[in-house]
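A structural walkthrough
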Amino acid sequence: MALIVKKFGGTSVGSIERIEAVAELIIRAKQQGHQVVVVVSAMSGETNRLLSLAKQIDERPSARELDVLLTTGEQVSIALLAMAIVKRGHSAVSLLADQIGIKTDNVFGKARIQGIDVSRLQQELEHNRIAIVAGFQGRDTEGNITTLGRGGTDTSAVEIAAAISADECQIYTDVDGVYTTDPRVEPRARRMEQITFEEMLELASLGAKVLQIRSVEAAGRYNLPLRVLSTFKPDSGTLISYEEPKVTSRTVSGIAYQKDEALLIVRQVPENPSSLARVLCLLAEFDIEVDMISQINHQVGKIDYALTVHSNEYAQALDVLNSNLVALGASCVEGNAEVAKISAVGVGMKSHSGIAGIFFDALANENIHTLLVSTSEIKISVLVEERYLELAVRALHSAFSLESRD
Ligand code: ADP
Ligand code: ASP
Ligand code: MG
């Protein structure tokens, strides 16, 4: 018998039929003798629908009110799922995050969980009732409702699992595990049996949205086994843990991509030791996060800085830089929002040479120009024009023989 936290994403509870199928899956786990706590997302499309309602009122709605609005999606799905379980003769109780004491900081829209008071959950477990908890939400110390960022139910599930010392946190979704790349882009992508926290963290932070980054970070911190598996197809999915896969020949384990990047080039800034810092501090003043950075010296004493930001912040970043051209001494700012970042990730890169050669050769064979490059010990990322995204992902996937390797 194990204590398991099971998280169901939007598509898994996207219709009444699916909610009923999930209820049966949970009951089966119970009947196998496991103790189960369930964490649920809003029905698929619901969070986007709510977001678009808010935007019809205000393009930049009050962050506090937006969180009040967005958390309603999860309230609907937990109640429906609890009803489906009760209807089948088992006891279940739906609970909002506040009812199980999920405390967060006060950063609306991307709050971090600071603590969970597990007494209510423990009570439910003792009474053999299945707790169905609303993901993605919390409450700050002043009693305001907060949300944890898109995809945040993954993080709710991991934090709850750690708080109750669960044996495993299982993330049920519409794919049966973590693949070598997004199977929607490369149908030949292959499911991995196992992946390390380190690799999963890179994949998630480089765009593989199958898990929210913070959920991987948290599971790694607590050393909590995390498993991604399908709601619709019973299988063992992918286990994320500290154990490195036995096959040592694996150099690159996956390809990730991110469409939400935008490129900004600040031209002809007078070169001095503080010129880049001034550009970055200016953006930081407006809470604009910079991802990739590169510099190009075309002429003596002048420098071009190329930066990427999240596409949500592109318009504002362009505005801020344009209004500060004189202060920066720059000649102009150019921008391109039609770009994407593609990355290859693998712990094996640490000990193998030649990976970068294969990477750039694969792009060159498809005549894909790279706009920016960044690397770390276990990843290579490039920025390309968005129209090349799918081609680049497939070319890299094939160059590293990911469809046939484990
Ligand atoms: P949920 O609503 O269940 O949280 P998400 O849409 O957030 O589901 O995440 C699942 C999706 O992640 C898949 O449908 C798939 O398209 C996408 N995805 C991106 N990269 C990967 C990957 N490497 N492995 C598996 N799925 C991936
Ligand atoms: N419903 C939220 C979202 O769509 C949280 C989640 O699904 O994890 O982002
Ligand atoms: Mg998700």
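Anything mentioned here points back to the structure above.
A quick note: this is a predicted structure, and the numbers were derived from the prediction, not measured. (Residues numbered from 1 in each chain as written. Chains lettered and ligands numbered in written order. Predicted model: local features only at pLDDT ≥ 70, side-chain atom pairs only at ≥ 80, totals over all residues. Heavy atoms only, no water.)

1. So, the pattern of salt bridges
Under the counting rule described, the total for this entry stands at 23 salt bridges. Across the pair Lys110 and Glu289 runs a salt bridge whose closest N-O atoms are separated by 3.7 Å. You can see Lys110 sitting in the loop between strand S4 (102-104) and strand S5 (113-116) and its partner Glu289 sitting in the loop between helix H9 (275-285) and strand S14 (290-299), a full 179 residues away along the chain. The exposure class assigned to Lys110 is partly exposed, which follows from its relative accessible area of 43%. Judged by its relative accessible area of 56%, Glu289 is exposed. Arg191 is the partner of Glu193 in a salt bridge, and the nearest nitrogen-oxygen pair spans 3.6 Å. For Glu193, a relative accessible area of 43% corresponds to the partly exposed category. Residue classification places Arg191 among the buried positions, given a relative accessible area of 17%. (Salt bridge = Lys/Arg side-chain N within 4 Å of Asp/Glu carboxyl O. Helix = DSSP H or I, 4+ residues; strand = E, 2+ residues; numbered from the N terminus. Buried < 20%, exposed > 50% of the residue type's maximum accessible area, 1.4 Å probe, protein only.)

2. Points about the nonpolar core
Core analysis: the biggest nonpolar cluster contains 44 residues, and Val5, Leu121, Ile160, Cys169, Met200, Leu226 and Ile240 have the highest contact counts within it. For Val5, the contacting residues outside a window of four places in its chain are Val37, Val39, Ala157, Ile160, Ala161, Ile164, Ala166, Glu168, Cys169 and Gln170. (Core = buried A, V, L, I, M, F, W, Y, C linked by side-chain atoms within 4.5 Å. Contact = heavy atoms within 4.5 Å.)

3. Topic: the site of ligand 1
Ligand 1 sits among 16 residues. The nearest are Thr173, Asp174, Tyr179, Asp182 and Arg184. Lys7 is positioned with one of its side-chain polar atoms (N or O) 3.2 Å from an oxygen atom of ligand 1. Asp182 has a polar side-chain atom sitting 2.8 Å from an oxygen atom of ligand 1. When ligand 1 sits alone it has 580 Å² of accessible area, and the protein chains cover 89% of it. Each residue belonging to the shell around ligand 1 can be placed in one class, and the counts come to 6 nonpolar, 5 polar and 5 charged. (Near = heavy atom within 4 Å. Polar contact = N/O pair within 3.5 Å; in protein donor to acceptor, adjacent residues only side chain to side chain. Areas by Shrake-Rupley, 256 points an atom, 1.4 Å probe, with all protein chains shown as cover. Nonpolar A, V, L, I, M, F, W, Y, C, P; charged D, E, K, R; others polar.)

4. Examining the side chain of Lys30
Secondary-structure assignment places Lys30 in helix H1 (residues 16-31). Glu124 provides the closest opposite charge to the buried, unpaired Lys30, separated from it by 10 Å. Not counting chain neighbours up to four residues away, the residues in contact with Lys30 comprise Val36, Asn128 and Ile130. (Lys, Arg positive; Asp, Glu negative; His and termini not counted.)

5. A short note on the sheet that holds S14
Picture the strands of a sheet paired through backbone hydrogen bonds; they go either parallel or antiparallel. The 6 strands are arranged S14-S15-S13-S16-S18-S17 in an open sheet whose pairing can be described as antiparallel. Unpaired on one side and paired on the other, S14 and strand S17 (372-376) mark the two borders of the sheet. Strand-to-strand twist of the sheet, defined as the mean angle between neighbouring strand axes without regard to direction, takes the value 30°. Alignment of strand S16 (residues 332-345) against strand S18 (residues 379-385), held across 7 bridges, turns out to be antiparallel. Within S18, the residue paired with Ala344 across the bridge is Ile380. Relative to the sheet, helix H12 (residues 355-365) contacts S16, S17 and S18, its axis offset from that of S18 by approximately 15°. (Pairing = 2+ DSSP bridges. Axes fitted to C-alpha atoms, helices over the stretch in contact; angles between N-to-C directions.)

6. Side note on unusual backbone geometry
Non-glycine residue Ser165 carries a positive phi angle of around 55°. Following the sequence through the fold, Ser165 ends up in the loop between helix H6 (153-163) and strand S9 (168-173). Take Ser165: its relative accessible area is 58%, and that puts it in the exposed class. With a phi close to 55°, Gln268 is a non-glycine residue in the positive phi region. Following the sequence through the fold, Gln268 ends up in strand S13 (residues 254-270). We classify Gln268 as partly exposed; its relative accessible area is 29%.

7. A short note on the pairing of strand S2 (residues 35-40)
Counting buried residues in S2 gives 5 out of 6 residues, a clear majority hidden from the surface. The β-α-β motif built from strand S1 (residues 3-8), the intervening H1 and the parallel element S2 has right-handed crossover chirality. As defined by bridge partners, S2 adjoins strand S6 (residues 130-134) across 4 bridges and the pair is classed as parallel. Bridge pairing links Val40 to Ala134 in S6. (Right-handed = clockwise from strand over helix to strand, strands pointing away.)

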